[in-house]
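Listed below, chain by chain, are the residues.
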Amino acid sequence: MSSDNGRTSSYTKFYIIFQIIGLTLIFYVYNWIVQYRGGFSVTEPKIIFNWHPLLMTIAFIYLFANSILHYRTFQNNTKQKLKKQHAFIHCCILILIVVAVFAAFVSHQYATPPIPNLYSLHSWLGVVTITMFLSQLIIGFWCFLYPGVATRHRATLAPYHVFFGIAIFILAVATAVLGVCEKIIFSLDKQYKLLPTEGVLGNILGILCVFYCLLVVYMVTKPEFKRNPRQEYENLLK
């Protein structure tokens, strides 16, 4: 019993750090946009784009990380309840992604002159990440929530579901870091090498994203944070 309590206490400490860093990321992205990028708008093309980094940070980094850790964080909930909550978080992520992508395309289309879409490495990785996320979402709904799927199929797919969830999160963070770098370079141009405040803030955001990613991967792969070696898969299977 003391071992379980120690494991829970250790996880709680990491979870608090995880939440602080995640909320800090959202705050600094918001602060960056308000202070240096003109804030938010639903009518001005240049500023409409600013919804994209904020919503993607909330959806693909903060909420997605919480969904990955959901089964470890709320282990005392029933498995059916955990699955429904996990699916609900992913539906919220999907809505935010749709709005964020729409904001990017609209701002590019109505800019003067119009800005081409999907030419940068950031956008290509974004397409790959979103495609993988949608595939994971559809397969997850069919396999783990649809009542007619046999348990043996769930047992086969569960390890891949967990693996690709982590892989998608890593890709999302890599895409976000590239996006911040791209935006800073385009906005500051030659001033970037002089390390202005906005440039420093962008660099710090990138480092925070990477550290956040490492922390999440550590928490989700650490065996001691499981109730037992098969806890993660059992939560998904039943």
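Residues numbered from 1 in each chain as written. Predicted model: local features only at pLDDT ≥ 70, side-chain atom pairs only at ≥ 80, totals over all residues. Heavy atoms only, no water.

### Here's the deal with the packing of aromatic side chains
Aromatic ring pairs are described here by two measures, namely the spacing of the ring centres and the angle between the planes. Scanning all chains against the criterion turns up 16 aromatic pairs. Between the aromatic rings of phenylalanine 60 and phenylalanine 64, the centroid separation amounts to 6.1 Å while the plane-to-plane angle is 65°, which identifies the pairing as edge-to-face. Placement of both phenylalanine 60 and phenylalanine 64 in helix 3 (residues 51-73) is noted, with a separation of four residues, approximately one turn of the helix. On the basis of relative accessible area, phenylalanine 64 is assigned to the buried category, the value being 2%. Between the aromatic rings of phenylalanine 163 and phenylalanine 164, the centroid separation amounts to 5.2 Å while the plane-to-plane angle is 75°, which identifies the pairing as edge-to-face. (Phe/Tyr/Trp six-rings, centres within 6.5 Å; stacked < 30°, edge-to-face > 60°. Helix = DSSP H or I, 4+ residues; strand = E, 2+ residues; numbered from the N terminus. Buried < 20%, exposed > 50% of the residue type's maximum accessible area, 1.4 Å probe, protein only.)

### A few points about the nonpolar core
Ranked by internal contacts, the top residues of the largest apolar core, which has 47 residues, are Phe18, Phe60, Phe169 and Tyr212. Of all the secondary structure elements, the ones that give two or more residues to this core are helix 1 (2-36), helix 3, helix 4 (79-109), helix 5 (121-145), helix 6 (151-188) and helix 7 (197-221). Ignoring sequence-local partners within four residues, the contact set of tyrosine 212 consists of Phe18, Ile21, Gly22, Leu25, Ile61, Tyr62, Ala65, Asn66 and Phe169. (Core = buried A, V, L, I, M, F, W, Y, C linked by side-chain atoms within 4.5 Å. Contact = heavy atoms within 4.5 Å.)

### Observations concerning the layout of surface pockets
Taken as a whole, the largest pocket encloses approximately 1200 Å³ of empty space. Every residue lining the largest pocket is counted, 46 residues in all, and those nearest its centre are Phe49, His52, His108, His122 and Glu182. Of all the elements, helix 6 adds the most residues to the lining of the largest pocket, at nine residues. Along the lines of polarity and charge, the residues of the lining of the largest pocket split into 27 nonpolar, 15 polar and four charged. (1 Å grid on protein atoms, 1.4 Å probe; cavity = no way out; pocket = protein on both sides within 12 Å on 5 of 7 lines; lining within 4 Å. Points joined across faces, edges and corners; volume = space filled by probe spheres on them. Nonpolar A, V, L, I, M, F, W, Y, C, P; charged D, E, K, R; others polar.)

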